[in-house]
Amino acid sequence: MSIIDVKNLDLFYGKQQALFQINLEIEEKSITAFIGPSGCGKSTFLRTLNRMNDMIANVEITGEVLVDGVDIYDAKVDVERLRKQIGMVFQQPNPFPKSIYDNVAFGPRMHGITNRSTLDEIVENSLKAAALWEEVKDVLKKPAQGLSGGQQQRLCIARALAVNPQILLMDEPTSALDPISTAKIEELLEELKSSYTIVIVTHNMQQAARISDKTAFFLSGELVEYDDTSVIFQNPADQRTEDYITGRFG
Ligand SMILES: Nc1ncnc2c1ncn2[C@@H]1O[C@H](COP(=O)(O)OP(=O)(O)OP(=O)(O)O)[C@@H](O)[C@H]1O
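Residues numbered from 1 in each chain as written. Predicted model: local features only at pLDDT ≥ 70, side-chain atom pairs only at ≥ 80, totals over all residues.

Moving on, we get to the UniProt feature "domain: ABC transporter" (unreviewed entry) in the protein chain. Taken from the UniProt record, the annotation "domain: ABC transporter" (unreviewed entry) applies to residues 4–245. This span, residues 4–245, is 37% helix and 27% strand, and a straight line between its end C-alpha atoms measures 26 Å. (UniProt positions renumbered as here; feature names shortened; annotations may be inferred. Helix = DSSP H or I, 4+ residues; strand = E, 2+ residues; numbered from the N terminus.)

Next comes the structure, spelled out in structure tokens:
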């Protein structure tokens, strides 16, 4: 079943059009990868899925993004709630300058949870879900900045999970990490997809091929091809996809 349904989406930065007539349905509890050369619009499109582009001046969007059947650009939509439903993890791990515990408890506290044992439980469950609990359970009060880059990224995933989202958007979440930390995050995403819908922008085609169920190939603001990952990598329909995945450009 699809959880995200994008219809005829165009996006403009001022007069410059960056996305052209995007139509795409994203399956629930799956991993979808967005690939394509630098500047093709992957991050811009990812940001349209939880209205992160609202924060950028001069952005105009037409078309529809339905999440669970609701148009998220409808004036009645509560954007705070939307971002609780659709979490985001960025390229550079960006923990707050707070303790490990307070990073994970931040979102639940923002949403009004103050009970200590409830927060303890959320923090523990989120860190377990992000495969970080065993490494940090004895140092929860220590600053998050003391963790390694890979641990910080898993902490950011725990922080996103702590508000109980349905969807996780990830913009090149492993590009700043070493191969071992990258492998840990990939393994984690495989586990998380049984409970969450994951959309990931990646420059790493092997990564897309390894972990995603569906792959969308973007070029110059257009969605060229979207299909099962095995089809995109083994038998793409479009010559441009074939040229990109075989390294002829990009
Ligand atoms: N805030 C912005 N203001 C104006 N133009 C922008 C802005 N962000 C992106 N663009 C332009 O939109 C186009 C798509 O950029 P975007 O960053 O979405 O591509 P991308 O595929 O994610 O690239 P990369 O892989 O390098 O991150 C580019 O031409 C870029 O210059």
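We now examine the packing of helix α3 (residues 100–110) against helix α6 (residues 149–161). Where α3 meets α6, the axes come as close as 7 Å, and the angle between the chain directions of the two elements is 30 degrees. Between α3 and α6, the interaxial angle falls into the category roughly parallel. The two elements α3 and α6 meet at a crossing, and its hand is right-handed. On α6, the residues touching I100, N103, V104, F106 and G107 of α3 are L155, A158 and R159. (Axes fitted to C-alpha atoms, helices over the stretch in contact; angles between N-to-C directions. Parallel < 35°, antiparallel > 145°, perpendicular 65-115°, else oblique. Left-handed = near helix turned anticlockwise from the far one by under 90°. Contact = placed C-beta atoms within 7 Å.)

Attention now moves to the sheet that holds strand β8 (residues 197–201). Taken in spatial order, the six strands of this open sheet run β6-β7-β8-β3-β9-β10, and their pairing is mixed. Bordering the open sheet on either side are β6 (86–89) and β10 (222–228), each of which pairs with just one other strand. Between one strand axis and the next, the sheet turns through 15 degrees on average, direction left out of account. (Pairing = 2+ DSSP bridges.)

For the rest of this paragraph, the subject is the sheet that holds strand β4 (residues 59–67). If you walk across this open sheet you meet the four strands as β2-β1-β4-β5, and the pairing is antiparallel. Edge positions in the sheet fall to β2 (16–27) and β5 (70–71), since each of these pairs with one other strand and no more. Inspection of the sheet shows strand β1 (residues 2–13) paired to β4 by eight bridges, in the antiparallel sense. Across the sheet, residue F12 finds its bridge partner in β4, namely E60.

Once that is clear, we can look at the confidence of the model for the protein chain. For the protein chain, per-residue confidence averages 96 on the pLDDT scale, and residues scoring 70 or more make up 100% of the total. Taken together, the chains of this predicted complex give a pTM of 0.95 and an interface ipTM of 0.96. (pLDDT = per-residue confidence, 0-100.)

Each regular strand carries side chains that alternate between the two faces of the sheet. Note that β1 and β2 share eight bridges and pair antiparallel. By the bridge assignment, S2 is partnered in β2 with E27. Counting the residues in the hairpin turn of β1 and β2 gives two residues, including G14, whose phi is positive at 60 degrees.

Next up on the list: the site of the ligand. Looking at the ligand, the residues that line it are Y13, A18, G36, S38, G39, C40, G41, K42, S43, T44 and I56. Sorting elements by how many residues they give to the shell around the ligand places helix α1 (residues 42–48) first, with three residues. Considered class by class, the residues forming the shell around the ligand number four nonpolar, six polar and one charged. (Near = placed C-beta within 6 Å. Nonpolar A, V, L, I, M, F, W, Y, C, P; charged D, E, K, R; others polar.)

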